[in-house]
Amino acid sequence: MADEIFKPDVSLSRRKFLKGCAIAAAALGLSESMTAKLVEAATSPQRPPVIWLHFQECTGCTESLLRASHPDIARLILDIISLDYHETVMAAAGHQAEKSLHDTLEKYDGKFICVVEGAIPTKNNGVYCKIAGKTAMEILDEVGPRAAAVIAIGTCAAFGGVQAAEPNPTGAVGVQELLKKKTVVNVPGCPPNPVSFLGTVLHYFTFNKLPALDHLNRPLFAYGRKIHDQCERRAHFDEGRFAQQFGDEGHLKGYCLYKVGCKGPGTFSNCPAIRFNDVGVWPVGVGHGCIGCTEPDFWDNMGPFYERLPDVKIPGGGIVESAGSAGAKILGVTAAAVGIHAAVGIGRKLASGSKSEDQE
Ligand code: FSX
Ligand code: SF4
Ligand code: F3S
């Protein structure tokens, strides 16, 4: 594409390209036989133009995408799409950059994908984020309605993120709040997993439609299951074996991190299955609780990050946990479910006569 502003300097080997498509197919929950269909869409000479807007954020979403290295997910994405406007990686600056944006808008009106990274401040007419003399609100209003599809990448763009945390001084909101007439696909995470973004894009190109979404407009293939239900420490949870504090014996043995604040029971994401980077790590896997970064308002609702879910009453009376503390606003239903499971684990321990690691 003539005005494309960023191209990977080294193209992917065929083997890596196929492997990337296979990873995306697996993430999408498609059978192996569908990989060929993804490859066909991904190798189409008509690479869809993308306008990537940056507003209030830390650029971690772009950073994690470009740093994705196994198997060159970033290059795969950049091979599939034509990144016509992206402030972080484009060589153009100033008027030249603005021209690139407007040329793409005119040339591909109604046909480009709009990716938004970052929240949009709305207070005082949005003066808190301005690019080329325009507010983020104005830019989104100009670009969003003309896009074929809009993807909000990261929790900031999806739900406001850290900018929208109390007291939200700039009145920051997510994209959907402002683009009410369009379906905005939310790919949250702070930052999100590049594979979830790749899967969303490939699904759109392959099947010519957006993937199925949950009630928060997150693709179900990536956000359809709770962290807690896929976690490798789950057996410890069920049996009542917990780390009581970081660095203790339970922590060193890889026990469940619920008591040191893990919010996996209230968080929907594929992190345990997809993992991050070429070494295949994820927060809980390396000994830190999930902080719920794919959920709306997690900065306010999932805190304190190092305290357990609140005391929970279970059916039949009694309280599961004795230490009063916690991330008080997490969903009651989730908390109740956690209580029940924890109770089962603790109960088993006591019935077997052994001293539970849960006992304090
Ligand atoms: Fe937000 Fe993206 Fe958190 Fe940062 O840019 S989702 S602050 S890690 O990365 O927008
Ligand atoms: Fe895993 Fe956290 Fe659930 Fe424990 S509470 S099983 S560490 S997700
Ligand atoms: Fe975020 Fe929890 Fe995954 S903190 S990266 S949703 S494990």
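Note that the coordinates shown come from a computational prediction; the quantities given were computed from them, not determined experimentally.

Caption draft 1: The overall build of the chain, seen in detail. When you go through the chain residue by residue, the secondary structure sums to 15 helices and nine strands. Counting the 360 residues in the chain, one finds 53% classified as buried. Partitioning the intrachain contacts of the chain with sequence separation of at least 6 by distance along the chain shows that 72% fall at a separation of at least 24. As displayed, the chain has an accessible area near 16000 Å², and 55% of this comes from carbon and sulfur atoms.

Caption draft 2: View of the pairing of strand E3 (residues 113-117). Within E3, five of the five residues are buried, leaving the element largely enclosed by the surrounding structure. Judged by which residues are buried, E3 turns out to be covered on both faces: Ile113, Val115 and Glu117 on one side and Cys114 and Val116 on the other are all buried. Direction of pairing for strand E1 (residues 49-54) relative to E3: parallel, over a ladder of five bridges. By the bridge assignment, tryptophan 52 is partnered in E3 with valine 115. The pairing of E3 with strand E7 (residues 149-153) spans five bridges and is classified as parallel. Paired with valine 116 across the strands is alanine 152, a residue of E7.

Caption draft 3: Quick peek at the packing of aromatic side chains. Taken as a whole, this structure holds nine aromatic pairs when the rule is applied. Ring centres of phenylalanine 298 and tryptophan 299 lie 4.7 Å apart, and the angle between their planes is 35 degrees; on these two criteria the pair is classed as tilted. Given the relative accessible area of 32%, tryptophan 299 is considered partly exposed. Between phenylalanine 298 and phenylalanine 305, the ring centres sit 6.4 Å apart and the planes meet at 25 degrees, which makes this aromatic pair stacked. For phenylalanine 298, a relative accessible area of 1% gives the class buried. Judged by its relative accessible area of 21%, phenylalanine 305 is partly exposed. An aromatic cluster is defined as three or more aromatic residues linked by ring pairs; in this entry it consists of Phe237, Phe242 and Tyr258.

Caption draft 4: Structural view of the side chain of asparagine 168. Following the sequence through the fold, asparagine 168 ends up in the loop between helix H7 (154-159) and strand E8 (172-173). Looking at asparagine 168, its side chain comes within polar contact range of the main-chain nitrogen of alanine 172, at 2.7 Å.

Caption draft 5: The site of ligand 1, seen in detail. What surrounds ligand 1 is the set Glu57, Cys58, Thr59, Gly60, Cys61, Glu117, Gly154, Thr155, Cys156, Gly189, Cys190 and Pro191. A distance of 3.0 Å separates an oxygen atom of ligand 1 from a polar backbone atom of threonine 59. In the model, an oxygen atom of ligand 1 is placed 3.0 Å from a nitrogen or oxygen of the glycine 60 main chain. If you list the elements that add at least two residues to the shell around ligand 1, you get helix H3 (60-67) and H7. With three residues, the single largest contributor to the shell around ligand 1 is H7.

Caption draft 6: Region of the structure containing the sheet that holds E7. Reading across the sheet, the five strands line up as E2-E1-E3-E7-E9 and stay open at both edges, with parallel pairing between neighbours. With one partner strand each, in any of the chains shown, strand E2 (82-86) and strand E9 (184-187) form the two edges of the open sheet. Taken over all neighbouring pairs, the strand axes of this sheet differ in orientation by 25 degrees on average, direction set aside. Against the sheet, helix H5 (residues 94-107) contacts E1 and E2, and its axis sits at roughly 130 degrees relative to E2.

Caption draft 7: Here's a closer look at the pairing of E9. Neither face of E9 is exposed, since Val184 and Asn186 on one face and Val185 and Val187 on the opposite face are all buried. Taken together, the four bridges between E7 and E9 define a ladder with parallel strand orientation. Its bridge partner being in E9, valine 150 is matched across the sheet by valine 184.

Caption draft 8: Examining the packing of helix H1 (residues 14-27) against helix H9 (residues 194-207) more closely. Interaxial distance between H1 and H9 falls to 9 Å at its minimum, and their mutual angle equals 90 degrees. On the basis of their axis angle, the class for H1 and H9 is roughly perpendicular. Contacts between H1 and H9 involve Gly20, Ile23, Ala24 and Ala27 on the former and, on the latter, Val195, Leu198 and Leu202. Grouping the amino acids of the contact of H1 with H9 by side-chain chemistry returns six nonpolar, one polar and no charged.

Basis of the calculations
Residues numbered from 1 in each chain as written. Chains lettered and ligands numbered in written order. Predicted model: local features only at pLDDT ≥ 70, side-chain atom pairs only at ≥ 80, totals over all residues. Heavy atoms only, no water. Helix = DSSP H or I, 4+ residues; strand = E, 2+ residues; numbered from the N terminus. Buried < 20%, exposed > 50% of the residue type's maximum accessible area, 1.4 Å probe, protein only. Contact = heavy atoms within 4.5 Å. Areas by Shrake-Rupley, 256 points an atom, 1.4 Å probe, with all protein chains shown as cover. Pairing = 2+ DSSP bridges. Phe/Tyr/Trp six-rings, centres within 6.5 Å; stacked < 30°, edge-to-face > 60°. Polar contact = N/O pair within 3.5 Å; in protein donor to acceptor, adjacent residues only side chain to side chain. Near = heavy atom within 4 Å. Axes fitted to C-alpha atoms, helices over the stretch in contact; angles between N-to-C directions. Parallel < 35°, antiparallel > 145°, perpendicular 65-115°, else oblique. Nonpolar A, V, L, I, M, F, W, Y, C, P; charged D, E, K, R; others polar.

In short, shape yes, function no, at least from these values alone.
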